[in-house]
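# Summary of the model geometry
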Amino acid sequence: MRLRPVSLAVIVAAALKITASIALSADLSVLLTHNLEGRFSLEEKGQDENDPLLILAQNILAERRSGKADLFLDLGNAFYPGALSKYSFGSAVMDYFDYFGCDASLISSRDLRIGIDNLEFLQKGRKTRLLATGIALKGDRLFTPYIIHSRGGNAVAVVGIPSGKIRFDIAEKNLYGAEMTKGAADLEGIRAELETAGVRHVIALSGLAVGETMALMTGRPWISIAICGGDYTGELFAGKAGRVDLADGRSIVILNEKRRYYLLELSVGAGMEVRSFAGRLPAPIKTDDPAYREFSNRLTLWKRKFRDEEDRVIVDIGPEPVLTGDRGLACLARDRFNAEIGLVEHGTITPVSIGNGVRASDVLNMVGQDFYLFTFNLNGAELKKVCQSDGPFLVSGSDGKSVQGYPIVDSRMYRAVAPQALFERVEQIIAHELSYTNTWKNITDILMDDLKGDCAFLADDCRGLDDRFRATVDFHLSNFYDQALVKRGDDMDEPPGQPGETYRRWGLENRVDITVYNRLHQFILTPYMLYTVLHTRDDDEYYYQNNLLRGTFVYNLNLAEHIKPYHKSQCDTVVRVVNEHRPVLIRETAGANFTGEIVSAKLGLGFEKRVHDPVQIPAYGMEAVILARIPFLRYFSYGLTFDSFISLQGSDTGRRHIRSQIDNSLSVSVNRFLAFSLKHRWFYLYSRDYREEYRNSQVITSADLKTDFKIF
Amino acid sequence: MEQLRAENSLVKKRLMLAERENAVLKDENLQLKSERKQLLARIEKLEADIASLDDRYKKDIALRDGQYRDLQLKNDVLSRESSEKIRELSELNRSTESRLGAEIVRLNDELRRLQESYTKEREEVRNENARRELALSRELESIKKTAAERESEAASLKVELASMERRCENLAKTIEDGERKLKDRETETQRLRERIDALMNQAAGKPSCQ
């Protein structure tokens, strides 16, 4: 029987179609690893049985031999912080991937600690591709975003989507302009490229959390399946998830345990379906694979070199074991850079018990994240915000309420030190950029230097740092308008520094607080001057008058948060001689200083004595000082100062003196340095010598210039 | 300045990676070179060994061939000699078998004759023993009777002896009582004497009433 040409063509076409449909349906097995962290052991002996990564390699080879690993993909954080990997700058891990046939590895946050330069260098000439979308140098894509694998006539692409935890080294940022571009825009470009390449299925390796991955897949049906791992370890609400299926049937599989490797069986047809997904714990398997032998030999050479260079004893700390931790690092950084606040991310230092000889390899082992340390200044309000943010970091030097034993002052600057990544997080918390100084010393550097020297890192606590003396200088310069209405007895002299008659004047009121303090002691020296140009109503003339020159020296013993013993020496005089007199009044008091958040009060006993023009016998009495400052709205504040001294002169209980001054002020701040204030001052003196009173009431409006300096 | 420091930092990292990787690869290269040398030397040695073994095997094969031929000849001679010997031994076997048959017949006859004479002798000994047994049993009966008579006599003597013993005991008791009474009387006598002595002494010591 002869077939006609048309029938033959139909049969051939049908046969081709059947063949094509068979070819398009296939299984794809994927072997997955994540968070290997360069965890090579440092021992050469028995490494085939003890080195976790070699054991994993034996399992990978076994799975590959049994046909269960068409693709070998790593979800990232493979290079860091293992000591040997750190030492080899990732070369050992890259060789590992190359020898054992890893097709691709997703770049995750800790991988970048190797350096983008080095990662780029390492993948040259090797089969393994480092995948990351969105990482760019001056706008150019740095890493391959995807690889394409051909399976059963289908082209399957693997796309790497890194997490938002990616942080670039400051040097890479400054020099290369390294940046993380928005992944979504990049993904659209990638989609177009994949379509052009004829890719039908896309596997997304995602370092994002499962919620973010779901959001990413929504509206992107071209992503067939997502695999989460690396920076994300499966946390979902209060538990851990292994697999999440979307409503449209697509799946997200999640790698939870970093000690396991995972086998994913996919059915690749019209879509991509998960047939099975399981984690396995690697166990030693004897192998004679030549690739394994070659890599094992190279690894031995790395270990030998590491031991030769890094196994030297830096310091002998004696037999008593010391547990390392983040707090030690924070204290060390504060000590090294003379900072009041030390910020360290949790897990920066792995807790390890060390004793006797501490080796360089111990330091490499314990440092989990190695960034350059930045020093920067935070004001009190920002510091409180950082302390209250409850982020995954440790704050040394402050409990959020006080620094060095004194309450945090919102406007005061505090010096802080933090690794670069945490500094960037602090900027996010306070929502503005901070100026900083890069010390160009990373954590390993300062640990090595410290262990060769003071060993501050191993100290029990860092309270010794609070014993350091620091100094502040605060200037309060006021230009004021003063109108006074004086009423007094005819026979009474005006008290030193107080006006004798009704006047109107312009003047300056200047005060400088020079404070030297540490955790326990506080010394405050306050020169104060009131200088005015006076116009009296009686004679309608202008007088250039020195009003008051006061020096105060206060010592506070900072024993407790709310009650502190103090001693105060105060000397009042005039700048210019008035009526050929230079009266000098001294006051010596000692007592307790009660401090609260808004109000502080001093209650003390002592004496006042006029030591010049004229000399008088001392008057013993009690001092009461109340200071309050209540900020309200945003720029306003109310201030109250009450200063009173009630005394008895000599042994005569009838000769009582009362000296009181109450200042009420309302200020409006223009900025950090300038404020306008309206102040009411009321002075009262009662003398039993004359059985008469002196009262002075002033209303002052002033422009206050306030600035402060801190000597750290 | 910051730019320079940044560059310095990155170059330092890159340099350290390059230096360390280079050092490891150099070590690996040296290791591979030394392994290669060792393997080359081993190959040379093995080749020499193969050549010498070749020679030795050739010589050995020639030697073995000669030995084989000699053994072949020896085998022929020995097989001829063994056939002759087998025939002789077969002859000898046959004559020995006939000689031993005649001897067996003779020995069987002799055995039968000795067995018959032995049976007869045994019968005679048995009869003699029966006769002697009868005589001895009779004698034993008479002796047993005599012994019974003696035994009854001994029993009557024993009874008599017991009564005699009882009488002796009674007599001994009587004697003992007599001795005791005698002793008491002696004591009494002694006491009386002492009293008499005392009275006499008393009498002697008293002055006369006159």
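Everything here concerns the structure above.
The text that follows walks through the structure, step by step, so that each part is easy to find. (Residues numbered from 1 in each chain as written. Chains lettered and ligands numbered in written order. Predicted model: local features only at pLDDT ≥ 70, side-chain atom pairs only at ≥ 80, totals over all residues. Heavy atoms only, no water.)

## Some thoughts on the overall build of chain A
Put simply, the rule reads: Runs of H or I in DSSP of at least four residues are treated as helices and runs of E of at least two as strands, each being numbered from the N terminus. For the exposure calls, accessible area comes from a 1.4 Å probe over protein chains only, and a residue counts as buried if that area is under 20% of its type's maximum, exposed if over 50%, partly exposed in between. Contact definition: two residues touch when any of their heavy atoms are within 4.5 Å. For accessible areas, the Shrake-Rupley method is used with a probe of radius 1.4 Å. Any residue's cover is judged against the shown protein chains and nothing else.
Scanning chain A from N- to C-terminus turns up 15 helices and 40 strands. Taken across its 712 residues, chain A has 51% of its residues classed as buried. In chain A, 69% of the contacts between residues at least 6 apart in sequence involve partners at least 24 apart. Total accessible area on chain A stands at roughly 32600 Å², and carbon and sulfur atoms take up 55% of it.

## Comments concerning the overall build of chain B
Assigned secondary structure in chain B consists of one helix and zero strands. The buried share among the 210 residues of chain B stands at 5%. Surface accessibility of chain B: about 19800 Å² in total, with carbon and sulfur atoms responsible for 56%.

## Some thoughts on the nonpolar core
Put simply, the rule is: We define the nonpolar core as a collection of buried residues of types Ala, Val, Leu, Ile, Met, Phe, Trp, Tyr and Cys that are connected through side-chain atoms lying within 4.5 Å of one another.
With 78 residues, the main nonpolar core has Tyr 96, Leu 343 and Phe 376 of chain A as its most contacted residues. Dropping the residues within four chain positions of it, Phe 376 of chain A is found in contact with Leu 343, Tyr 414, Arg 415, Ala 416, Val 417, Ala 418, Phe 423, Val 426, Leu 434, Ser 435 and Tyr 436 of chain A.

## Details of the interface of chain A and chain B
How we decide: Put simply, buried area is how much 1.4 Å-probe accessible surface two parts lose in total, over both of them, once they are put together. Salt bridges are defined as contacts in which a side-chain nitrogen from Lys or Arg sits within 4 Å of a carboxyl oxygen from Asp or Glu. N or O atoms within 3.5 Å of each other form a polar contact, as long as, within protein, one can give a hydrogen and the other can take it, and as long as residues adjacent in sequence are counted only when both atoms are side-chain atoms.
Listed by partner, the interface residues are 29 residues for chain A and 19 residues for chain B. Interface area, chain A with chain B, both sides summed: about 2300 Å², of which 58% is carbon and sulfur. Contact with chain B buries surface across chain A, with Phe 89, Leu 175 and Trp 440 of chain A losing the most and accounting together for 25% of the total. At the boundary of chain A with chain B, the tally comes to six salt bridges. Across the pair Arg 298 of chain A and Glu 28 of chain B runs a salt bridge whose closest N-O atoms are separated by 2.6 Å. Across the chain A-chain B interface, the total number found is eight residue pairs in polar contact (both at pLDDT 80 or more).

## Let's talk about the side chain of Glu 310 of chain A
Topologically, Glu 310 of chain A is positioned in helix α10 (residues 290-310). Its relative accessible area of 8% is what places Glu 310 of chain A among the buried residues.

## A closer look at the pattern of salt bridges
Enumeration according to the criterion identifies 53 salt bridges over all chains in this entry. The shortest N-O distance in the salt bridge between Arg 275 of chain A and Asp 27 of chain A comes to 3.8 Å. Residue Arg 275 of chain A is found in strand β17 (residues 272-280), and its partner Asp 27 of chain A is found in strand β1 (residues 26-33); the two are separated by 248 residues along the sequence. Given a relative accessible area of 54%, Arg 275 of chain A falls into the exposed group. Judged by relative accessible area, which is 32%, Asp 27 of chain A ranks as partly exposed. A salt bridge links Arg 94 of chain B to Glu 91 of chain B; the shortest N-O distance between them is 2.6 Å. Of this pair, Arg 94 of chain B and Glu 91 of chain B both sit in helix α1 (residues 2-205), separated by three residues, roughly a single helical turn. Taking relative accessible area as the criterion, Glu 91 of chain B reaches 47% and is therefore assigned partly exposed. Counted as one network, the salt bridges with shared partners bring together Lys 568, Arg 587, Glu 608, Glu 623, Asp 643 and Arg 659 of chain A.

Distances and angles like these do not, on their own, reveal function.
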